[in-house]
Amino acid sequence: MVILMERLQKVISNSGYCSRRKAEELIINGKVKVNGKLVYELGTKVNDNDEIMVDNKLITKENKEYILLYKPRGVVTTTNDDKNRKTVLDLIETTKRIYPIGRLDYDTTGILLLTNDGELTNLLIHPKNNIDKVYVAKIKGVLTGLEIKQLESGVLIDDIKTAPCKVKVRKKDKEHSFVQITIHEGKNHQVKKMFQAVNHEVVKLKRERIAFLDLKGLKPGEYRYLTLKEVKKLYALKNA
Ligand code: URA
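Predicted model, so just to flag it, every value in this text is computed and none were measured.

Asker: What exactly am I supposed to notice about the domain arrangement of the chain here?
Answerer: Many authors give the size of an interface as the accessible area that is lost as the parts come together. Considered domain by domain, the chain is made up of domain 1 (6-58), domain 2 (66-127 + 213-239) and domain 3 (132-210). Summarising the inter-unit geometry, the C-alpha centres of domain 1 and domain 3 are found 47 Å apart.

Below is the structure:
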């Protein structure tokens, strides 16, 4: 179980008891007890072990879950699919209402995080936090120096210019290249569309890393829980 210190008003509102603003009001008006003691201060930090009572009713906190999945090919990244295809949640045994952070295409493999923590989700998907997402694309043809520069400085996809990124050719032969591309955004089909913009088709795509997290020790379809240390390290990536 992950123990994180969180603001009291947030814990109350996340429990579904009331809105954040209402929770603040309740705290100020002396309706909230933590471990039997009245608390008046907004921003008081609590953790999973603290007993929180509002108007003498116990608040039950939803424990957070953080999962790192090696997504295999042929699975959709949604919580349920209208075409009845297998979803990433079918690969995970959980009673929590977790959901994927961002999306990998049906035929894309690699690292995918799932959680019920909305704050961490926002942190990881917001481009301003510059979270590295490292992909390896097998593409048709060989990239020229100019194409690498174009990709790195931004190409137009759906009329919007992509943010600067890093591109490195890992290996190539006459027909294909294996290209590592590190981006901070997560637009729909972004990597495939970026290569399309410089006239190269992606034939295989794998996400190898998100920030410092990789697929070490996992096979396609397998998953593990993040450690508390890893969750804290992810929170520390927030761009203040
Ligand atoms: N970019 C893509 O084109 N597809 C993915 O699955 C992820 C990023």
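Read on for the rest.
Asker: I keep staring at the pattern of salt bridges and nothing clicks. Help me out?
Answerer: Where charged atoms from two side chains of opposite charge come close, those side chains can pair. Applying the stated rule across the entire model yields 12 salt bridges. The residue aspartate 158 makes a salt bridge to lysine 193 at a minimum N-O spacing of 2.8 Å. Taken as a pair, aspartate 158 in the loop between strand E11 (156-157) and strand E12 (160-161) and lysine 193 in helix H5 (residues 190-197) lie far apart in primary sequence, 35 residues in all. Since its relative accessible area comes to 57%, aspartate 158 is described here as exposed. Beyond isolated ion pairs, a larger network of salt bridges with shared partners links Glu6, Lys10 and Glu119.

Asker: It is not clear to me how the nonpolar core should be interpreted in this structure. Could you clarify?
Answerer: A general feature of soluble globular proteins is that nonpolar side chains tend to end up buried together. Among the nonpolar cores identified, the biggest contains 30 residues, and Leu114, Leu143, Ile181 and Phe195 are the most heavily contacted of them. Mapped onto this core, the elements with two or more residues apiece are strand E7 (66-71), strand E9 (109-115), strand E10 (133-140), helix H4 (145-153), strand E14 (176-183), H5 and strand E15 (202-210). Lining this core are residues from two domains, each supplying at least three of them: domain 2 (66-127 + 213-239) and domain 3 (132-210). Counting 20 residues, the second-largest nonpolar core is a separate cluster that includes Leu4, Ile101, Leu120 and Leu234.

Asker: Looking at this structure, how should I read H5?
Answerer: Every α-helix winds through 3.6 residues per turn, so residues three or four apart in the chain are directed the same way. Those residues of H5 that sit buried are Gln190, Val191, Met194 and Phe195. Down the axis, H5 shows its buried residues gathered within 130° of arc, on one side only. Downstream of H5 by one or two residues, asparagine 199 has phi in the positive range, about 65°.

Asker: Just checking my understanding: could you explain the environment of arginine 7 for this structure?
Answerer: Position of arginine 7 relative to the elements: it lies in strand E1 (residues 6-7). Since its relative accessible area comes to 35%, arginine 7 is described here as partly exposed. A sequence separation of 35 residues divides arginine 7 from leucine 42, and the C-alpha atoms of the two residues are 7.9 Å apart. Beyond its immediate sequence surroundings of up to four residues, arginine 7 is in contact with Arg20, Gly43, Thr44 and Lys45.

Asker: Is there a simple way to think about the sheet that holds strand E3 (residues 37-38) in this case?
Answerer: What links the strands of a sheet is backbone hydrogen bonding, and the strands pair in either a parallel or an antiparallel sense. Spatial ordering of the open sheet is given by E3-E2-E5-E6, a layout of four strands whose pairing is antiparallel. Taken across any chain shown, the strands that pair with only one partner, and hence form the sheet edges, are E3 and strand E6 (57-58). Here strand E2 (residues 32-34) pairs with strand E5 (residues 52-54) via three bridges, running antiparallel. Bridging from a neighbouring strand, valine 32 pairs with valine 54 of E5.

Asker: Help me out: how do you make sense of the site of the ligand in this one?
Answerer: Taken together, Leu104, Asp105, Thr108, Tyr135, His189, Gln190, Val191, Lys192 and Leu205 form the complete shell of residues around the ligand. Between the ligand and the protein, one listed contact pairs an oxygen atom with a backbone N or O atom of aspartate 105 at 2.7 Å. The separation between a nitrogen atom of the ligand and a polar main-chain atom of glutamine 190 is 3.4 Å. For the ligand, whose unbound accessible area comes to 240 Å², protein coverage reaches 97%. Per element, the largest residue contribution to the shell around the ligand is three residues, and it comes from H5. Mapped onto the domain boundaries, the shell around the ligand takes at least three residues apiece from domain 2 (66-127 + 213-239) and domain 3 (132-210).

Rules used throughout
Residues numbered from 1 in each chain as written. Predicted model: local features only at pLDDT ≥ 70, side-chain atom pairs only at ≥ 80, totals over all residues. Heavy atoms only, no water. Domains from an automatic or database assignment. Salt bridge = Lys/Arg side-chain N within 4 Å of Asp/Glu carboxyl O. Helix = DSSP H or I, 4+ residues; strand = E, 2+ residues; numbered from the N terminus. Buried < 20%, exposed > 50% of the residue type's maximum accessible area, 1.4 Å probe, protein only. Core = buried A, V, L, I, M, F, W, Y, C linked by side-chain atoms within 4.5 Å. Arc of directions from axis to C-beta. Contact = heavy atoms within 4.5 Å. Pairing = 2+ DSSP bridges. Near = heavy atom within 4 Å. Polar contact = N/O pair within 3.5 Å; in protein donor to acceptor, adjacent residues only side chain to side chain. Areas by Shrake-Rupley, 256 points an atom, 1.4 Å probe, with all protein chains shown as cover.

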